[in-house]
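# What the coordinates show
The residues making up each chain are set out below.
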Amino acid sequence: MTVNLSEIIDALNFTDEYTHHFLDKTTGEIVWVSDMGMTMKEQEDTYDTLDEHGFYRLPEQRDIHEYRIMEDFISSLPAGAARDRLSIAIYGKGAFRRFKDSVIRLGLDQRWYQWRDEAYKKKAIEWCEENGITYV
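Residues numbered from 1 in each chain as written. Predicted model: local features only at pLDDT ≥ 70, side-chain atom pairs only at ≥ 80, totals over all residues. Heavy atoms only, no water.

### A few points about the overall build of the protein
Secondary structure assignment for the protein yields 7 helices and 5 strands. Ordered by position from N to C terminus, the α and β elements of the protein give β-α-β-β-α-β-α-α-α-α-α-β. Looking at the protein residue by residue over its 136 residues, the buried ones come to 37%. On the protein, roughly 8500 Å² of surface is accessible, and the fraction owed to carbon and sulfur atoms is 49%. (Helix = DSSP H or I, 4+ residues; strand = E, 2+ residues; numbered from the N terminus. Buried < 20%, exposed > 50% of the residue type's maximum accessible area, 1.4 Å probe, protein only. Areas by Shrake-Rupley, 256 points an atom, 1.4 Å probe, with all protein chains shown as cover.)

### Describing the side chain of T19
Along the chain, T19 turns up in strand 2 (residues 19-24). In this structure T19 touches F14, W32, V33 and S34, once residues within four positions along its chain are discounted. (Contact = heavy atoms within 4.5 Å.)

### Things to note about the side chain of H20
With respect to the helices, strands and loops of the structure, H20 is situated in strand 2. Separated by 2.8 Å, the side chains of H20 and E60 make a polar contact. (Polar contact = N/O pair within 3.5 Å; in protein donor to acceptor, adjacent residues only side chain to side chain.)

### Section: the environment of L50
Considering the arrangement of structural elements, one finds L50 in helix 2 (residues 40-53). In sequence terms L50 and V31 are 19 residues apart; their C-alpha atoms lie 8.6 Å from each other. When near neighbours in sequence (up to four residues on either side) are disregarded, L50 contacts F22, D24, V31 and F55.

### Some points on the pattern of salt bridges
The final tally for this structure, using the stated rule, is 5 salt bridges. In this structure, the salt-bridge partner of K41 is D45, at a minimum N-O distance of 2.9 Å. Pair noted here: K41 and D45 are both in helix 2, with a separation of 4 residues, about one helical turn. A residue is classified by how much of its surface remains accessible, and D45, at 36% relative accessible area, is partly exposed. Here the salt bridges do not stand alone but share partners, grouping R57, E60 and R62 into one network. (Salt bridge = Lys/Arg side-chain N within 4 Å of Asp/Glu carboxyl O.)

### Examining the packing of aromatic side chains
In total, this model carries 8 aromatic pairs according to the counting rule given. On the basis of an interplanar angle of 90° and a centroid distance of 6.3 Å, the ring pair of F73 and F99 is categorised as edge-to-face. Of the two residues, F73 sits in helix 4 (residues 66-76) while F99 sits in helix 6 (residues 95-105), which places them 26 residues apart along the sequence. Classification of F73 as buried rests on a relative accessible area of 0%. Under the relative-accessibility criterion, F99 is labelled buried at 0%. Three or more aromatic residues joined by ring pairs form one cluster here, namely F73, F99, W112 and W115. We note K25 situated over the ring of Y56; from NZ or CZ to the ring centre the distance is 4.7 Å. (Phe/Tyr/Trp six-rings, centres within 6.5 Å; stacked < 30°, edge-to-face > 60°. Lys NZ or Arg CZ within 6 Å of the ring centre and 35° of its normal.)

### A short note on a negative patch on the surface
Residues E44, D48, D51 and E52 make up a contiguous surface patch of negative charge. Locating D51 in the fold gives a position in helix 2. (Patch = residues over 30% accessible without salt bridge, like charges linked within 9 Å, V, L, I, M, F, W, Y side chains within 5 Å. Lys, Arg positive; Asp, Glu negative; His and termini not counted. Charge placed at Lys NZ, Arg CZ, Asp CG, Glu CD.)

Here it is as structure tokens:
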């Protein structure tokens, strides 16, 4: 089976604590199940189809470690005020919001999103390789 890597990356980008993505082994299609966006019947039907076809579970939000991605981004910056501000922004409650606001204020948003996109791409490639899935 060959999958489109960009579809895997898109699924990783849209995962959250209520949404799970799977790769259907029969169709090669990425299927999502949402606790918030689907009725129980829709969820059950989707799981029944996946069970029948076989599936791979894509990495979930907790597997992606976006906090670590932010830390790595900060470490990649040269020593200075921007690095110091972002280091402070990621501590405590609201770290993700403060980080994103600070990245925008510092004019580093394009650089951050490129960094994050590359991290997601690496995660998608790792997942494909771990599961013996060919990708394009």
